[in-house]
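Spelled out, the chains give:
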Amino acid sequence: PLAAAFSPDGAFAYVTHNGRKRVDVVDVASGSIAQTLPYQAYRGVAAHADGQHVFLAGTSGQLVRLVRQADGTLSEDASWPFVGFLSTLAISPGGTWLYLVSNSNSRVWQIDPATGDVHGELSAQVYPYGIAVAPDETTVYVSNAGGDDVSVLDFAAGEEVAVVPVDLNPMGLALAADGAALFVANSDADSISVID
């Protein structure tokens, strides 16, 4: 298992696997696998706050939207092509935007999750990996594993507003609920950077 997202009600976990073309839907209460889907999503999995949709960023260059059925299983209802190795994605706190990262071409897209339309596209730095979205829904933080830094992307302004140096090979990001602190896991340094 490489990444997981949870349904808003906490009933199901959506789990991607490294090197396997599958996504498991796990019933949290029982711990059993309710469904296995034939997608290779790497780390790209997110559940929308509406509780009805799950998004997968496929390594084949497809953004896939799945809809939740009454029994908790998922079925595909839309997909859109994108260029590059889609490494991860995140949905803004209010569910207005979906942000998609391609680490093979350093692109980050701002997407309407209802239509798949691209509303913005910005460049991060070298080999972007992790992503976090601020409470304002348009400020996006991206860890750049190849440059040992974090890009601060302002989609409202349409630009990268800062590049913050951190430690070796930053990957995972976690943003405090109020947006005041960003925690960065630096995998090759075994350290965590905290950014104001």
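As a reminder, the structure under discussion sits directly above these lines.
Rules used throughout
- Residues numbered from 1 in each chain as written.
- Predicted model: local features only at pLDDT ≥ 70, side-chain atom pairs only at ≥ 80, totals over all residues.
- Heavy atoms only, no water.
- Salt bridge = Lys/Arg side-chain N within 4 Å of Asp/Glu carboxyl O.
- Helix = DSSP H or I, 4+ residues; strand = E, 2+ residues; numbered from the N terminus.
- Buried < 20%, exposed > 50% of the residue type's maximum accessible area, 1.4 Å probe, protein only.
- Phe/Tyr/Trp six-rings, centres within 6.5 Å; stacked < 30°, edge-to-face > 60°.

Draft legend 1. Region of interest: the pattern of salt bridges. A full pass over the atoms with the stated rule returns 4 salt bridges. In this structure, R68 engages D9 in a salt bridge whose closest nitrogen and oxygen atoms are separated by 3.0 Å. Here R68 is found in strand 7 (residues 62-68), whereas its partner D9 is found in the loop between strand 1 (3-6) and strand 2 (12-16), with 59 residues between them in sequence. With a shortest N-O distance of 2.7 Å, D24 and R22 are connected by a salt bridge. With a relative accessible area of 25%, R22 lands in the partly exposed category.

Draft legend 2. Representation of the packing of aromatic side chains in the model. Overall, the coordinates contain 3 aromatic pairs when judged by the stated rule. Judged by centre distance (5.0 Å) and plane angle (55 degrees), the rings of F82 and W109 are tilted. Taken together, the residues F82 in the loop between strand 8 (74-81) and strand 9 (86-91) and W109 in strand 11 (residues 107-111) connect sequence positions 27 residues apart. Relative accessible area serves as the criterion here: at 12%, F82 is assigned to the buried category. Under the relative-accessibility criterion, W109 is labelled buried at 6%.

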